Structures are given as structure tokens and as C-alpha cells.
Amino acid sequence: MRSLRWALLGASDIAATRMIPAIESTGGRAVTVLSGSPGHAEAFATSQAIERATTDLGAALEGVDAAYISSHNPKHAEQAQAALEAGVHVLCEKPITLDLGQAVDLIALADSRGLVFGVNHHLPCSAVIRKLAALVHEGTIGTVTGIRINHAVFLPERLRGWRIEDVPGAGVILDITVHDAAVLGLLRDAPPATAAAQVARQGPWPKGAPDAVMTTLRWTDEVLAQTHDAFTVPFNSSSVDVYGSEGTLHATDALTQDPVGDLTLRDEAGVRAVDVGNREDLYVVSVRDFTAAVEGTGAVAVTGMAGTQAVAVALAVQEAAETGRTVDVVDVRGLLSPAR
């Protein structure tokens, strides 16, 4: 496997705790880190044994093969565009951007340059979630009628910061609901048609962005989905239930960064555990798939288009919560026109 030289655009917690180990496990190396704070960039580089630290985006992209973007959400688009224009492959944290047209332009730019553009949604790299999706598409539970996702957690203090502030890109919808949307994208062949939602501010911190949301999504074929996402639930077991005409699939404790969780099938034969196969580190899977795509021997786990569709769902949920209306979800495939 090719040994990629990586730029880390964002001296983030996830870069340090998850992505650097994943990059190194696949033979790559992080050689530069970008931060808006010189002191933070230098401290991060020293702690992670990275050669270069900089506050200059152009300098960060010199002499690298790939960029991993984990900066604050509003910075993703600018940094992704700069990387692609510099001839650098991009693996971007969700959400890609806060504007769907901008995201589609990035996809087109990557395609025009022959570059790989992937989104680092980790849940589609889970063995449990992948097996769940495979069984759904194999018809194991017949015709799907409904999906329920419980993804309410308690946000660790080290991760609060901008996520709970009243700033663009913050809040539970663009942090967790967008992950649910990526899972739903694996389970369905098309995006949902409409979204409705209610939000709340429940946490033991100053009131800022919404930190809890419940949603209802409807597809054109009348399939319904519900999600509960929160930063405010300390003792909970996450779950994904998929209801079908011939059975129900139930995934527990799989909506996490770790390769854990269980999957059960309930049908006329009873209830039984499902073997999900090899449980690999989710971020290793993501980086390995990305590297294979760069080599031309594989595909990214989550494409730019799939990541953009997840953003479309999150933005519709956000608008529905703000307006109290049911909102149409944009099918981003319709944004890909010859004129773009």
C-alpha cells in the first residue's frame, strides 16, 4: 500500500487520538499540521512528532499527497478547495461544507483534477453497520417500512468548545444528526423526501446552539425514520432499528468511534445474533479505503456525493427545527448538471 504524506488541516482532538494512529497503521505519515494558533500548531506538532507546524494554508499543502481536514466546520470548504487546487487528495471531516452548491463544486473540482475526495464519516466503516446495511439490501427483512436511530450521548468536556456555542456549524444537528444521515444513506437507495424536527437546549452549559433534537424523515416510497440525537444523555445505549415486512434488524452500541456493538435479527424463526465478521478500527478502515482509492485499487468508504447528501439531510432538519415546518430534503444528485 502506498505510503502517503499527509497534511493535517486542523490540530484537533480527533486528528491526535484517531487519525494519526490510523494513518501510521496504513503506512502513511503526517508531515505537517495547520492551526490558526502558532502556539497550538507547534505544541501539537511536538506532541505528535510531526515535522512541520504552520498557520499558512499554502505552506501546509507543500510536498504532501493528501490532506485530512478536521478544522472548525466553516473552514472545511476553503481548505478543501485549496488542497484540490494544489493537486492534493482530500479526506474531509463532516460536514463537508454548510452550503450544498459549494460541496457539489468541490466534487466537480476533484473530478476535473483526477483527485480523490472522501468524507471521514466513521460509522459506515463499522463492521456492525456494514453488515446491517448488507442484510437490508439482500432483502433479509423484506420490504423496509421504518428506521429508528437512537444516538443520544453526553458530550465530553474536552469536545465542547465551539460545538455548543451559537456560531455557524455548531450544534447537535451538524455534529451528530449528520452522522445518522450517513448511516441512513447506507440503508436507503435514495435520500428522504421531507424532514420535520424539534430541538432543545438542555445541557449544563451556557445556552447556545441546540444540544438535543428529535427528527422524523419520510422517503418518497413512504418509509419513515426517526432519530434522537443529543449531547445531554450520559447513560444510554445507542441503537439502529430497521423494520421490514419479514423481520427486524437491531444494532446496539454501534454508533461509536470504536469497533464494538451487536446485531440481532428477529423474524418468524425467532431472535438470533448475527456474526458481523472482522471488527477493525473504524478510522483504519477509512484511511485504508482512501489510500486504496488514491492508488486506483479501491474506493473511499464515503464519497463526496454521499457526504453531501448527509449534509442536505442535516440542513433540512435544521431548517425544519428553526421554522416549525416540514421541509423538503434536497436530492443532491439534481445539483450535478452540465452547467456546474
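Residues numbered from 1 in each chain as written. Predicted model: local features only at pLDDT ≥ 70, side-chain atom pairs only at ≥ 80, totals over all residues. Heavy atoms only, no water.

Engineer: Which residues make up the overall build of the chain, and what are the values?
Structural biologist: Along the backbone of the chain there are nine helices and 15 strands. A compact globule built from 340 residues would reach a C-alpha radius of gyration of about 20 Å, and the chain, at 20 Å, matches this within 12%. Put simply, 66% of the contacts in the chain that link residues at least 6 apart link residues at least 24 apart. Summed over all atoms, the accessible surface of the chain reaches about 14,200 Å², with 49% contributed by carbon and sulfur. (Helix = DSSP H or I, 4+ residues; strand = E, 2+ residues; numbered from the N terminus. Rg over C-alpha atoms; globule rule 2.2 N^0.38 Å. Contact = heavy atoms within 4.5 Å. Areas by Shrake-Rupley, 256 points an atom, 1.4 Å probe, with all protein chains shown as cover.)

Engineer: Account for the side chain of serine 12, with residues named and values stated.
Structural biologist: In this fold, serine 12 is placed in the loop between β1 (5-9) and α1 (13-25). Separated by 2.6 Å, the side chains of serine 12 and serine 70 make a polar contact. Leaving out residues up to four positions away in the same chain, serine 12 has contacts with Phe44 and Ser70. (Polar contact = N/O pair within 3.5 Å; in protein donor to acceptor, adjacent residues only side chain to side chain.)

Engineer: Quick rundown of the sheet that holds strand β10 (residues 224-230)? Include the residues and the values.
Structural biologist: The mixed open sheet is built from nine strands, whose spatial order is β14-β13-β12-β11-β7-β10-β9-β8-β15. Lying at the two open borders of the sheet, with one neighbouring strand each, are β14 (270-273) and β15 (327-328). Judged from the six bridges that link them, strand β7 (residues 144-152) and strand β11 (residues 239-244) form a sheet pairing that is antiparallel. For valine 144, the partnering residue across the bridge sits in β11 and is glycine 244. (Pairing = 2+ DSSP bridges.)

Engineer: Could you give an account of the sheet that holds β1, with specific residues and numbers?
Structural biologist: An order of β3-β2-β1-β4-β5-β6 is seen for the six strands of this open sheet, with the pairing classed as parallel. In the strand order of this sheet, the two ends are held by β3 (52-54) and β6 (117-119), each with one partner. Each strand axis lies, on average, 20° off the axis of its neighbour in the sheet, ignoring direction. Where strand β5 (residues 89-92) and β6 come together, three bridges link them in parallel fashion. Looking at β6, one finds that valine 90 is bridged to phenylalanine 117. Contacts from helix α8 (residues 282-295) reach β1, β4 (66-69), β5 and β6 within the one sheet, and its direction differs from that of β5 by about 160°. (Axes fitted to C-alpha atoms, helices over the stretch in contact; angles between N-to-C directions.)

Engineer: Let's hear about the packing of helix α7 (residues 172-187) against helix α9 (residues 304-323): which residues, and what values?
Structural biologist: For the pair α7 and α9, interaxial distance at closest approach is 8 Å and the crossing angle is 130°. As summarised for this structure, α7 and α9 are arranged oblique, according to the angle between their axes. For the crossing formed where α7 meets α9, the hand is right-handed. Judged by residue contacts, Ile173, Leu174, Thr177, Val178, Ala181 and Ala182 of α7 engage Ala310, Val311, Val313, Ala314, Leu315, Val317 and Gln318 from α9. Classifying every residue of the contact of α7 with α9 by side-chain character gives 11 nonpolar, two polar and no charged. (Parallel < 35°, antiparallel > 145°, perpendicular 65-115°, else oblique. Left-handed = near helix turned anticlockwise from the far one by under 90°. Nonpolar A, V, L, I, M, F, W, Y, C, P; charged D, E, K, R; others polar.)

Engineer: Describe the packing of aromatic side chains, and please don't skip the residues or the numbers.
Structural biologist: A full pass over the atoms with the stated rule returns two aromatic pairs. With a centroid separation of 5.3 Å and 40° between ring planes, the pair formed by tryptophan 6 and phenylalanine 290 is classed as tilted. Residue tryptophan 6 is located in strand β1, and its partner phenylalanine 290 is located in helix α8; the two are separated by 284 residues in the primary sequence. There is no split in this pair, since tryptophan 6 and phenylalanine 290 are both buried. Where phenylalanine 154 meets tryptophan 205, the ring centres are 6.1 Å apart and the plane angle is 40°; that geometry is what we call tilted. Residue phenylalanine 154 is located in the loop between β7 and α7, and its partner tryptophan 205 is located in the loop between β8 (194-200) and β9 (212-218); the two are separated by 51 residues in the primary sequence. Judged by relative accessible area, which is 9%, tryptophan 205 ranks as buried. (Phe/Tyr/Trp six-rings, centres within 6.5 Å; stacked < 30°, edge-to-face > 60°. Buried < 20%, exposed > 50% of the residue type's maximum accessible area, 1.4 Å probe, protein only.)

Engineer: Please set out helix α6 (residues 127-138) residue by residue, giving values where relevant.
Structural biologist: With 12 residues, α6 should reach 16 Å at 1.5 Å per residue; the first-to-last C-alpha distance of 16 Å fits that figure. What α6 keeps buried is the set Ala127, Val128, Ile129, Leu132, Ala133, Leu135 and Val136. The N-cap residue of α6 is serine 126: its side-chain oxygen and the backbone nitrogen of valine 128 are 3.2 Å apart. (Expected span 1.5 Å × (residues − 1).)

Engineer: Would you mind going over the pattern of salt bridges in detail, with residue names and values included?
Structural biologist: Applying the stated criterion across every chain, the model contains 12 salt bridges. Close ionic contact of glutamate 51 with arginine 29 constitutes a salt bridge, the shortest N to O distance being 2.3 Å. Here the residue glutamate 51 occupies a position in the loop between α2 (38-48) and β3, and arginine 29 occupies one in strand β2 (residues 29-34), the gap between them amounting to 22 residues. A salt bridge links arginine 188 to aspartate 221, with the shortest nitrogen-to-oxygen separation between them at 2.6 Å. Of this pair, arginine 188 sits in the loop between α7 and β8 while aspartate 221 sits in the loop between β9 and β10, and the two are 33 residues apart along the sequence. On the basis of relative accessible area, arginine 188 is assigned to the buried category, the value being 15%. Each of Lys94, Arg163 and Asp175 takes part in salt bridges that share partners, so that together they form one network. (Salt bridge = Lys/Arg side-chain N within 4 Å of Asp/Glu carboxyl O.)

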